[in-house]
Protein chains: 2
Amino acid sequence: MSAAKNVLFIMYDQLRFDYLSCAGHPYLKTPNFDRLAAKGVRFTNAYVQSPICGPSRMSCYTGRYVHSHGAAGNGYPLKIGERTLGDYLRDAGAECWLIGKTHMVADVEGMRRLGVPADSIIGARVSECGYDIWVREDGLVCIGPENPDEPIDSPYNDALIAKGYPAPNPWHVHANSGIDEAGNIASGWYLKNSRAAANIREEDSETPWLTDRAIEFLDSRGDAPWLCHLSFIKPHWPYIAPEPYASMFGPDKVVPPVRSDAERHNANPVFEAFMEMPEGRSFSRDEVRDTVVPAYMGLVAQCDAELGRLLDHLEATGRMQDTMIVLTSDHGDYLGDHWMGDKCLFHEPSVKVPLVIYDPSEAADKTRGTLCDALVEAIDLTPTFIEVLGGKVLKHVVEGRSLLPWLRGETPENWRTAVFSELDYGGLLPAERLDLLPSDAHLFMIFDGRFKMMHADGGFAPILFDLETDPRELTDLGTDPAHEETRQRLYEMLNRWARRYAQRTTVTDEALFAQRGTEADFGCLIGFWDESEVAPAVRPFFVGKPERDYR
Amino acid sequence: MSAAKNVLFIMYDQLRFDYLSCAGHPYLKTPNFDRLAAKGVRFTNAYVQSPICGPSRMSCYTGRYVHSHGAAGNGYPLKIGERTLGDYLRDAGAECWLIGKTHMVADVEGMRRLGVPADSIIGARVSECGYDIWVREDGLVCIGPENPDEPIDSPYNDALIAKGYPAPNPWHVHANSGIDEAGNIASGWYLKNSRAAANIREEDSETPWLTDRAIEFLDSRGDAPWLCHLSFIKPHWPYIAPEPYASMFGPDKVVPPVRSDAERHNANPVFEAFMEMPEGRSFSRDEVRDTVVPAYMGLVAQCDAELGRLLDHLEATGRMQDTMIVLTSDHGDYLGDHWMGDKCLFHEPSVKVPLVIYDPSEAADKTRGTLCDALVEAIDLTPTFIEVLGGKVLKHVVEGRSLLPWLRGETPENWRTAVFSELDYGGLLPAERLDLLPSDAHLFMIFDGRFKMMHADGGFAPILFDLETDPRELTDLGTDPAHEETRQRLYEMLNRWARRYAQRTTVTDEALFAQRGTEADFGCLIGFWDESEVAPAVRPFFVGKPERDYR
């Protein structure tokens, strides 16, 4: 029995697994992350299904690999046919709400084809990957030469304007820009401006604003069980923090990058193409790291402070007793490690995420404050939430597995021996540089707890790291003859995974077991010469009687 | 330009590729198949995507592999989200009709979830894999101990009853049974009764009845372009033919089975499990073949005669000038070859199908009466039909390729170098015998035009045939050390195929090409230090101006 009747599923955007004090960051203090970790379990091997926002999130919300749900890149609509957390939880009698970001794009063509009106309840939910919307705010209000006049649909902007910040786009001009020496706007889109403080009152910036929405939500709840996906926008770029966080850290608090000169010599061409993106070139410069990383740390510190405010509220209102609380991220941030910026590839800072789960149940008391190093995937969240809220995990659809046993100190049978992550970069610059068709611009990561291999379609060698001997992932063994056997073993696992029948979602395993050898019981005789070969119960239906006896 | 404004897409059920006189059968004369082959192209390497009814057909109707659409076994509903021929053709302004069998089961749960009423036009079409129903008749009216009182929904039965055949199930008692020496019903479900003549007037049997429906359909058409899927039930079991076809062939006209004693020694365990099914054991007996094969041949002869009647009608009404006509099957029938009955595995008699396409266009004149030995898959039909009827082939969804170039004597660029077929046998008896979980009960065939390999998940060795040196597929090279390289090459192709992004169906390749490197043009600057790094057109949106200039 779970004491949790609610789930508060908190996601940060682009939060590294190791930028928390409980995860060992030497300078950044995150007392509130640590506070929840002390009450719950911190998973130290949690991997996302894709190291970019959209596909990673769609995997979180469907419990399925990217290769299965197909929303493989930012801006790719999630197919209307994909079942989501919202479907499962509502079937179980729970509500399913969103506050913040999802990166979802509606499958308008699928809705047209099936006649699902966008303004119906079903239409609204499939348009929002299953959530009912408390507030949807993806937090990137971009305007450029190709979309100079696009109407800005942003509840956050609306709120800022209502508070007196001037239209049309205070998200950019205030929350994500500073003021330069001349008193002009210094856009946070330029990394050089990350040293400035955001041109906004701290309490009006994005993270407190979403936290306020969450507190409003909590205060409005009745008896019905709910899941709330509180999905913060930060510490994702633009990297610019309001005071006091802007001044909290100096370059002396920036940890050195994990990289080596050797990485750039004879780099795998795919790795090289990603290193050559503007973010890789920028973050390879110390000036950039020294300017941006303090801002990133400030944003994380702000996330932590706001988490504290939220936890205080949950404690004060009794919700800590009946609410499971989850802290995670959709992917990490290279911040200059491996000569990379942003994310996209599969080194630990990009593909591994923080994951803390607090379960109020008595059954979880024995694991409070512990670590769990099992191989965990983001697709495990959906089945965990379904199980907590009393729903049914459809194992022929949901590919993740519930984490509840781990929270209760049990080791589930046949736990996975590898995690998988993917990147579809058909729409990204490295595919252009490598001259790849979209069908070849696919990367697959498999990690078995020791060896991590990246396979690239399109005719490239794999990348292989041995995290036991090389935990910093500096030595690519992808073409090392001594590791041929390891590569073969990992390829076998990867290919077995790729062949899985992830689309057989309309028939359960149980139905298939029950069906075996039953054709004759339903009157379908295949390959029988005469009555002696069929079961006695079947014979009367086919016995040689006069025609009238068949009426 | 195509002269065809209509498509008559004729499918037989379980018709072997080589039981036609134009394909070299020594005894069976099929003048009408031959007549159409003389006017069109006969494809000699046409393979189905699964050697059983349901999944094979769903691949024909979606243009997608079984691994992609997921309706992987008989009775597995096709997901509501899968687009079908009907969607594509209606978008192109053509009608899309069904006469006969599809083996479709509606995705009732998907319809519930999306609020698609079964009695709406959209609901009716998705329930019937995209077709409008002229008549739906799957032709297997089965009653047994587990479903003794199931209401019999069969338009064919209704028609027989209206003609005076007694209720409730003349499909069984008349069309698919004979009369024994004592004057009693001899059920056609027992192979021993295949020697009898069906207890029905020939013109009332299934093939003429469906042909009549097709002629009615043709006579009712106006100017609108259409595709009609005329989908016959025969020569599929129950194997029993009405006179004169019942007496047309004797055991002396039965060709010997393709099999060898060696096949049964040390057979691959998967092959063995299938051989051990009742149909394999039965068809391994000469008495069974001598009884059943003549009935099968009689049913094919009847199909041919009815095709003749239909072609005569098309000629008399001018439809041969504006209608593409296609003859094919959903899979073959072992008929005792390789110690097997029925179908399921991937030897030629099971997985290869007849395929004749007649194109009335002048452009096709140069190929009339020719053979084409290109590697062709059943999924090529959907894009062919879309192209003929002026629609748009969505290449990010449809996995087959149009056959029109071959019909016009052109060799398309980069034609496929291998065909794929699959079997999900999680619900079948061999999975029980092999003690397999549904997730391991998957077979994959890859055939490159010379080597055919079957991979079985679940830890079995592959099966490999060299059709150049062993066209009868009697020698399994699956563990032959001399063929290790061939197996590796085929595995590489199979695994590349399994990794393909078949679910990325909401974004086109064109959109991905167009997207590369354009973030900044839409106001999203990733990794730029300052304005010197962005394009001049982008700079004005981020220049350091007074705040009022951003309003």
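Structure: see above.
Below is a summary of the structure that appears in this document.

What counts and how
Residues numbered from 1 in each chain as written. Chains lettered and ligands numbered in written order. Predicted model: local features only at pLDDT ≥ 70, side-chain atom pairs only at ≥ 80, totals over all residues. Heavy atoms only, no water. Helix = DSSP H or I, 4+ residues; strand = E, 2+ residues; numbered from the N terminus. Rg over C-alpha atoms; globule rule 2.2 N^0.38 Å. Buried < 20%, exposed > 50% of the residue type's maximum accessible area, 1.4 Å probe, protein only. Contact = heavy atoms within 4.5 Å. Lys, Arg positive; Asp, Glu negative; His and termini not counted. Charge placed at Lys NZ, Arg CZ, Asp CG, Glu CD. Phe/Tyr/Trp six-rings, centres within 6.5 Å; stacked < 30°, edge-to-face > 60°. Lys NZ or Arg CZ within 6 Å of the ring centre and 35° of its normal. Least-squares fit on C-alpha atoms with pLDDT ≥ 70 in both. Pairing = 2+ DSSP bridges.

Considering the overall build of chain A
Alright, step 1. Helix and strand content of chain A: 19 helices and 16 strands.
Alright, step 2. Relative to its length of 551 residues, chain A is compact, with a C-alpha radius of gyration of 26 Å against a globular reference of 24 Å.
Alright, step 3. C-alpha extents for chain A along the principal axes are approximately 105 × 60 × 55 Å.
Alright, step 4. A buried classification covers 66% of the 551 residues belonging to chain A.
Alright, step 5. Across chain A, every contact between residues at least 6 apart in sequence was considered, and the portion connecting residues at least 24 apart equals 72%.
Alright, step 6. Put simply, chain A has 55 plus and 84 minus side-chain charges, and the middle of one group is 3 Å from the middle of the other.

Details of the packing of aromatic side chains
Alright, step 1. With the rule as written, the count across this model stands at 46 aromatic pairs over all chains.
Alright, step 2. Through successive ring pairs, a cluster of aromatic residues spans A:Tyr65, A:Phe420, A:Phe444, A:Trp497 and B:Tyr501.
Alright, step 3. Cation over ring: B:Arg500 sits above B:Trp497, and NZ or CZ is 4.2 Å from the ring centre.
Alright, step 4. For B:Lys545, the ring lying beneath its charged end belongs to B:Tyr550, and the centroid distance is 4.7 Å.

A look at the relation of the copies chain A and chain B
Alright, step 1. Here chain A sits on chain B after a turn of 180° about the axis and a move of 0.0 Å along it, with an RMSD of 0.0 Å. Each copy turns onto its partner about a two-fold axis.
Alright, step 2. A high fraction, 100%, of the interface residues of chain A reappear at the interface in chain B, so the copies pair face to face through one surface.

A word on the pairing of strand β1 (residues 6-13) of chain A
Residue and element names in this part refer to chain A.
Alright, step 1. Counting buried positions along β1 gives eight out of eight residues, so the element sits mostly inside the fold.
Alright, step 2. Here β1 shows two buried faces, one formed by Asn-6, Leu-8, Ile-10 and Tyr-12 and the other by Val-7, Phe-9, Met-11 and Asp-13.
Alright, step 3. One ladder, built from seven bridges, connects β1 with strand β9 (residues 323-329); its direction is parallel. Across the sheet, the residue bridging to Ile-10 is Leu-327, located in β9.

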